[in-house]
Amino acid sequence: MKAIILQGSARTEGNTAKVSRVLQEKLNCDLVHLADKNIGHFDYDYKNEGDDFYPLIKNIAENYDLIIFASPVYWYTMSGYTKVFFDRISDLIRVHKDLGRELRGKSMAALSCGYGNTEIDSFFIPFEKSANYLGMNYIGNVHTWVQTDQLDQEVIQRIENFAQQLTNKFNA
Ligand SMILES: Cc1cc2nc3c(=O)[nH]c(=O)nc-3n(C[C@H](O)[C@H](O)[C@H](O)COP(=O)(O)O)c2cc1C
């Protein structure tokens, strides 16, 4: 299983990055901070052609089987960085259709990171529905939180279980 975490926080050393690194270690996978990339908003005239989206999605389509979206909870939903990435996947439906086809059959999973342990009911719905729309297999999600410098034991345990779940489902 070759997995990549797309870390969607507005900061690269924040809470979502912290929990993402635990998952990364468990899965021994790659991680990209979306905030490090120059990825413009979706444009109907494809005016963002030269930005970092195409090289990133091409790399993902060619080299990875599992895409894990790790997003902070911002206003009850995924972060803007994560949403812009999803919006830009529309480029693959409109322009780079060959690459869009390459996503079919790959797996998707999602991790949320909030302040508290209460999961937002609707948070993971767009991930699951988008995966279905793209012909990808949605293989799970986990909610995490960070309140202090030290990660909560329960959060670490959740991430370990999640990593195991992904590995099991992927190999099933
Ligand atoms: C713009 C913004 C919006 C937020 N909205 C929510 C929210 O709706 N629900 C929630 O539980 N926490 C919310 N939070 C708290 C973050 O989800 C939480 O602190 C998270 O761990 C931040 O991760 P980060 O350091 O990667 O940005 C918000 C934080 C920010 C900055």
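Cut-offs applied
Residues numbered from 1 in each chain as written. Predicted model: local features only at pLDDT ≥ 70, side-chain atom pairs only at ≥ 80, totals over all residues. Heavy atoms only, no water. Axes fitted to C-alpha atoms, helices over the stretch in contact; angles between N-to-C directions. Helix = DSSP H or I, 4+ residues; strand = E, 2+ residues; numbered from the N terminus. Parallel < 35°, antiparallel > 145°, perpendicular 65-115°, else oblique. Left-handed = near helix turned anticlockwise from the far one by under 90°. Contact = heavy atoms within 4.5 Å. Nonpolar A, V, L, I, M, F, W, Y, C, P; charged D, E, K, R; others polar. Buried < 20%, exposed > 50% of the residue type's maximum accessible area, 1.4 Å probe, protein only. Pairing = 2+ DSSP bridges. Right-handed = clockwise from strand over helix to strand, strands pointing away.

So, on to the packing of helix α1 (residues 15-27) against helix α6 (residues 153-171). Close contact between α1 and α6 brings their axes to 9 Å; oriented N to C, the two are set at 40°. When the interaxial angle is binned, α1 and α6 end up oblique. The element α1 and its partner α6 pack so that their crossing is right-handed. Seen from α1, the contacting residues are Val19, Val22, Leu23, Lys26 and Leu27; seen from α6, they are Val155, Ile159, Glu160, Phe162, Ala163, Leu166 and Thr167. The class makeup of the residues in the contact of α1 with α6 is nine nonpolar, one polar and two charged.

Okay, the pairing of strand β1 (residues 3-7) next. Judged by how many residues are buried, β1 sits mostly within the fold: five of five residues are covered. Here β1 shows a buried face lined by Ala3, Ile5 and Gln7 and a second buried face lined by Ile4 and Leu6. Here β1 pairs with strand β2 (residues 30-33) via four bridges, running parallel. Bridging from a neighbouring strand, Ile4 pairs with Asp30 of β2. You can see the chain leave β1, run along α1 and come back into β2, and the turn it takes is right-handed.

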